[in-house]
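Residues per chain, in single letters:
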Amino acid sequence: MSHAPNAEAIKSQPSIAQRYIDSPEKQQRLYKRTLLIIVISQIFGGAGLAAGVTVGALLAQEMLGTESYAGIPSALLTLGSAAAALLVGRLSHKAGRRLGLSAGFFAGGIGAVGVILAAVMNNVWLLFASLLVYGAGTATNLQARYAGTDLAQPTQRAKAVSVAMVSTTFGAVAGPNLVEVMGRFATSLGIPALAGPFILGAAAFLLAGLVFALFLRPDPLVIAKAIAEAQKADQKGQAAAQHAGTLSGNKRGIIVGATVMILTQIVMVAIMTMTPVHMKHHGHGLGDVGLVIGIHIGAMYLPSLLTGALVDKIGRMTMSYASGGILLAAGITAAFAPADSLPLLIAALALLGLGWNFGLISGTAIIVDSTDPLTRAKTQGTIDVLIALAGASGGALSGMVVAHSSYATLALGGGFLALLLVPVVVWSRSSRKAGASAHVSS
């Protein structure tokens, strides 16, 4: 039984790519097949992602003996995610999505194994180093959303992102709710209970990487590049001039899309990171923590199909406004919720996840709209570096803010920071109208 050709085979056999260039029907079939592979991989990837989010801060708090540095694991994880986003983006640009995404998930699995060893050895430095590597899985989980857009039509792009994200839900929601089960399993093996979810994370990331390595053939990014090159070769002088005239608009779109995702990431990571610590400090058990974080992650990913349809239907910018408003509501709810009120904490973290969902999908769609297929993967990787660094900043500062002030201050500050989305989107729209007016007058 012969396998479908990989990226290298496509490059060495132009006729294979030509069949896709000549057939929009083949392009759509490959687009749908790619989405199916992403769905399968993201189910595993979501479970791996959830492990560090749920107990990373608690594990560090237990090993360090203080809350002041409980945000450090989140910061290290997101710093590792930043480095991995750059590497995965560059590797995908050079060799295709298959190699880039599988390598990223394999690295994340190795990092999870390192976290388990660190917990067994009670070695904080190994924990920190392993969390950096584990961040590669988180970065790859997000980068995978771009693979679905490579062959998507403009009106399919937000929906393609949403399919990748909603499939993450199954693993991401199951992960936090398996905290106690995995904790008991880890204890039975002589491993600290808080390292239990990382056993699940290691297996999940390695399986996600295996799915991409074996089945993402032919590579959608390689085909998309071949199609773009063929289209450019067919362009006439006037069309090329028109394309050149859109570059400044594309740059503005990249700035806006990146800003939307960066701000939503800072707010979400900062509040989410300290919520388990806040809950544990006020007497909630791991079961309550798992429930709150599970619902939060569900809200991050489960609404994605509806969100994608709304982004494609009512517009990227409108949904960016909605993201800022929902994040503000999340911050206010978290700040004023009594510490012993599980329903209000659930509501706050659900709103936090939903606001992040709106921001990530609308921002991603803006980025895809504003980039050329020939340089898209590299640009996407660079933007995801900025997103990860923003998350690292939010995670690192969150523990310090809570230690020196309160969880309520952190939540309120995050909510009002999200309102910066509004002037950014207004600037984008006013700049676009000004550009259109100048074009008409000329």
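Reading the values: rules and limits
- All chains use their own residue numbering, which begins from 1 and follows the written sequence.
- Reporting in this predicted model follows two pLDDT cut-offs: at least 70 for local features of residues, and 80 or more for side-chain atom pairs to be given and counted; totals over whole chains, interfaces and linings ignore these cut-offs and use all residues.
- Excluding hydrogens and water, the side-chain figures rest on all heavy atoms present in the structure.
- Each pair of aromatic rings taken from Phe, Tyr and Trp, with Trp reduced to its six-membered ring, is defined by centres within 6.5 Å and is described as stacked if the planes are under 30 degrees apart, edge-to-face if over 60, and tilted in the remaining cases.
- Each helix is a run of DSSP H or I of at least 4 residues and each strand a run of E of at least 2, with the numbering of both proceeding from the N terminus.
- Summary of the burial criterion: residues with accessible area below 20% of their type's maximum are buried, those above 50% are exposed, and those between are partly exposed, where the area comes from a 1.4 Å probe applied to protein chains only.
- Grid spacing is 1 Å over the protein atoms alone, the probe is 1.4 Å, and a cavity is where that probe fits but cannot get out, while a pocket is an open set with protein on both sides within 12 Å along at least five of seven lines and lining residues have an atom within 4 Å of a point.
- Grid points are joined across faces, edges and corners, and a volume is the space filled by probe spheres set on the points.
- Given a helix with a known number of residues, its expected span is that number minus one, times 1.5 Å.
- Under this definition, polar contacts are N or O atom pairs within 3.5 Å; protein pairs additionally need one hydrogen-donor-capable and one acceptor-capable atom, and for neighbouring residues in sequence, both atoms have to be side-chain atoms.
- As used in this record, nonpolar core signifies buried Ala, Val, Leu, Ile, Met, Phe, Trp, Tyr and Cys residues forming a set joined through side-chain atoms within 4.5 Å.
- A carboxyl oxygen of Asp or Glu within 4 Å of a side-chain nitrogen of Lys or Arg is what we treat as a salt bridge.
- Residue contacts are counted whenever heavy atoms from the two residues lie within 4.5 Å of one another.

Draft legend 1. The arrangement of the packing of aromatic side chains in detail. Per the counting criterion, the structure on display carries 6 aromatic pairs. Between the aromatic rings of F105 and F205, the centroid separation amounts to 5.8 Å while the plane-to-plane angle is 35°, which identifies the pairing as tilted. Placement of the pair is F105 in helix α5 (residues 97-121) and F205 in helix α9 (residues 196-215), with a sequence separation of 100 residues. Here the two residues F105 and F205 agree in accessibility, since each one is buried. Considering the side-chain rings of Y134 and F198, the 5.3 Å spacing of their centres and the 65° angle between planes classify their relative orientation as edge-to-face. Here Y134 is found in helix α6 (residues 124-147), whereas its partner F198 is found in helix α9, with 64 residues between them in sequence. Given the relative accessible area of 0%, F198 is considered buried.

Draft legend 2. Seen up close, empty space enclosed by the protein. Throughout the structure, instances matching the rule amount to 2 cavities of 30 Å³ or more. As for the second largest cavity, its lining consists of Q42, N141, L142, R145, A164, M165, T168, Y301 and L360.

Draft legend 3. Examining helix α10 (residues 220-233) more closely. If you check α10, its first and last C-alpha atoms are 20 Å apart, about what 14 residues at 1.5 Å a residue would give, namely 20 Å. For α10, every residue scored as buried is listed here: P220, L221, V222, I223, A224, K225, A226, I227 and A228. A distance of 3.0 Å separates the backbone nitrogen of L221 from a side-chain oxygen at the start of α10, and that oxygen is part of D219.

Draft legend 4. Expanded view of the nonpolar core. The biggest cluster of nonpolar side chains holds 53 residues, and the ones touching the most others in it are Y301, L352 and W356. Sorting elements by how many residues they give to this core places helix α16 (residues 342-369) first, with 13 residues. Counting 36 residues, the second largest nonpolar core, distinct from the first, contains F105, V115, A164 and L194.

Draft legend 5. Summary view of unusual backbone geometry. The step from R217 to P218 runs through a cis peptide bond, and the omega angle for that step is -10°. One can find P218 in the loop between α9 and α10. Positive phi, close to 55°, is recorded for N122, a residue that is not glycine. As for its placement among the helices and strands, N122 is situated in the loop between α5 and α6.

Draft legend 6. Layout of the pattern of salt bridges. Going through the model one piece at a time under the given rule, you end up with 5 salt bridges. Between D150 and R97 there is a salt bridge; the shortest N-O distance is 2.8 Å. Residue D150 is found in the loop between α6 and α7 (157-177), and its partner R97 is found in helix α5; the two are separated by 53 residues along the sequence. For the pair D150 and R97, a shared accessibility class is recorded, and that class is buried. Taking the shortest distance from any N to any O, the salt bridge between R157 and D369 comes out at 3.1 Å. Of this pair, R157 sits in helix α7 while D369 sits in helix α16, placing them 212 residues apart in sequence. Residue R157 is classed as buried on the basis of its relative accessible area, which comes to 13%.

Draft legend 7. The arrangement of the environment of T275 in detail. Turning to its location among the elements, T275 is positioned in helix α12 (residues 247-281). Spatially, the C-alpha atoms of T275 and A411 are 9.6 Å apart, while their sequence positions differ by 136 residues. T275 has contacts with V292, L349 and Y407, leaving out every residue within four places of it along the chain. Within the structure, the side chain of T275 is placed 2.7 Å from the side chain of Y407, a separation counted as a polar contact.

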